[in-house]
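What follows is each chain in one-letter form.
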Amino acid sequence: MSEPHYTLYHPRWYRRRVSVWWWLQNRSYTGFVLRELTSVFVAFFAVVYLWQLHAVAQGPDAYAQFLARLRTPRLLALDTVTFLFVLFHAITWFNLTPKAMVVRLRGKRVPDWVIVAQNYAAWLVLSGLVAFVLLRGR
Amino acid sequence: MMRRITPLLWLLFSAGGTVAALLFPVHLFLTGLAFPLGWLEAPSYESLHRLLMHPVTRLYLFVLISLPLFHWAHRFRYTLYDGLQLKHLTELIAVLCYGAALLGTAMTAYLLWTIS
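Definitions and cut-offs
Residues numbered from 1 in each chain as written. Chains lettered and ligands numbered in written order. Predicted model: local features only at pLDDT ≥ 70, side-chain atom pairs only at ≥ 80, totals over all residues. Helix = DSSP H or I, 4+ residues; strand = E, 2+ residues; numbered from the N terminus. Rg over C-alpha atoms; globule rule 2.2 N^0.38 Å. Buried ≥ 20, exposed ≤ 12 C-beta atoms within 10 Å, placed from the backbone. Contact = placed C-beta atoms within 7 Å. Core = buried A, V, L, I, M, F, W, Y, C linked by C-beta atoms within 7 Å. pLDDT = per-residue confidence, 0-100. Nonpolar A, V, L, I, M, F, W, Y, C, P; charged D, E, K, R; others polar. Arc of directions from axis to C-beta.

**Student:** I'd love a proper account of the overall build of chain B, names of residues and values included.
**Tutor:** Looking only at helices and strands, chain B has four helices and zero strands in total. Helices and strands in chain B line up, N terminus first, as α-α-α-α. Rg of the C-alpha trace for chain B: 17 Å, well past the compact-globule value of 13 Å for 116 residues, more than 25% over. Once the C-alpha set of chain B is aligned to its principal axes, its extents read approximately 50 × 30 × 20 Å. Counting over 116 residues, chain B shows a buried share of 35%. Intrachain contacts of chain B at a sequence separation of at least 6 include 76% that bridge at least 24 residues.

In structure tokens form, the structure reads like this:
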């Protein structure tokens, strides 16, 4: 890969060592790192869904076993924490969209709150739709 | 090679972040909390299986699982660089993160393809 090549006897100037816990010193740094860490919980839930898919593919017994495993205290606790982090991800993601993507309509910039409101509206509609499909055929 | 696919990785990151933000809370609330705690009755095996027979459901599940995995791979990679100051392990971390996302994607595709 194309990493820059450093000469061997590069002068080493003084640099303050930064602690691995630098992000605990300031609230907005902590928020930043917590937001970055949401990805771990996003991945965890993707794996849970993959596991569910695997269970359904195996048959009724495997699916019943999957449901039983989800009822264990350890997974319930983990899922609760995961839910909080995923919510944090969703909220920060929706609120950041207008900063990452500037939309112009007839030469005028669409106000940030319109884009944020659209995100939340889409969230509401899609959540309702998913819940409807999953709860319909019990 | 890394430089050429960086735009694609960014695209996967933001697409996966959007999918996770819009759809994960409801799925997680139902599957992780409401069903196990008995607030709502979990869908029966038959109804889930019936849903999975539909190609739209399969496509939906592929997107729902795969894209957020790439979102994780991209974001977690930078979390490790910045948070734990592991800049010197760039290549190893990139291979592990994107490799895991690719593996998860392959498993999802295989299951969705072969389920009957």
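From this point, the narrative continues.
**Student:** Report on the overall build of chain A, specifying residues and quantitative values.
**Tutor:** Looking only at helices and strands, chain A has four helices and two strands in total. Its helices and strands taken in sequence order, chain A reads α-α-α-β-β-α from the N to the C terminus. The C-alpha radius of gyration of chain A comes to 22 Å, more than 25% above the 14 Å expected for a compact globule of 138 residues. Considering only C-alpha atoms, chain A reaches an extent of 70 × 50 × 35 Å along its principal axes. A burial count over chain A gives 19% of its 138 residues as buried. The contacts of chain A with a sequence gap of at least 6 include a subset with a gap of at least 24, amounting to 42%.

**Student:** Which residues make up the nonpolar core, and what values do they have?
**Tutor:** If you look at the biggest cluster of nonpolar residues, it comprises 43 residues, and the most contacted ones within it are Val 42, Phe 45 and Val 86 of chain A together with Leu 69 of chain B. Those elements that provide at least two residues to this core are helix 1 (27-58), helix 2 (60-70) and helix 3 (73-100) of chain A together with helix 1 (2-34), helix 3 (55-83) and helix 4 (90-114) of chain B. The element contributing the most residues to this core is helix 1 of chain B, with 11 residues. Ignoring anything within four residues of it in the chain, the contact list for Leu 69 of chain B reads Ala 43 and Ala 46 of chain A together with Ala 101, Gly 104 and Thr 105 of chain B.

**Student:** Describe in detail the confidence of the model for chain A, supporting the description with residues and values.
**Tutor:** Close inspection of predicted coordinates is inappropriate in any region flagged by low pLDDT. The predicted model of chain A averages 89 in pLDDT, with 91% of residues at 70 or higher. Between the elements of chain A, mean pLDDT differs from a low of 82, seen in strand 1 (residues 104-105) of chain A, to a high of 97, seen in helix 2 of chain A.

**Student:** Explain unusual backbone geometry to me, using residue names and the numbers behind them.
**Tutor:** Residue and element names in this part refer to chain A. Despite not being glycine, Arg 106 shows a phi value in the positive range, around 50°. Secondary-structure assignment places Arg 106 in the loop between strand 1 and strand 2 (108-109). Given 5 C-beta atoms within 10 Å, Arg 106 falls into the exposed group.

**Student:** Any chance you could break down the interface of chain B and chain A for me, citing the residues and the numbers?
**Tutor:** Chain B puts 50 residues into the contact, and the matching count from chain A is 45 residues. Of all the secondary structure elements, the ones that give two or more residues to the side of chain B that touches chain A are helix 1, helix 2 (45-52), helix 3 and helix 4 of chain B. Of all the elements, helix 1 of chain B adds the most residues to the side of chain B that touches chain A, at 17 residues. In terms of residue class, the side of chain B that touches chain A is made up of 32 nonpolar, 13 polar and five charged.

**Student:** Please provide a residue-by-residue account of helix 2 of chain A, values included.
**Tutor:** Residues and elements named next belong to chain A. Residues of helix 2 that are buried: Tyr 63, Phe 66 and Leu 70. The buried residues of helix 2 all sit within an arc of 55° when viewed along its axis, so they share a single face. Away from the buried face of helix 2 by more than 90 degrees, exposed residues Asp 61, Gln 65 and Ala 68 are located.

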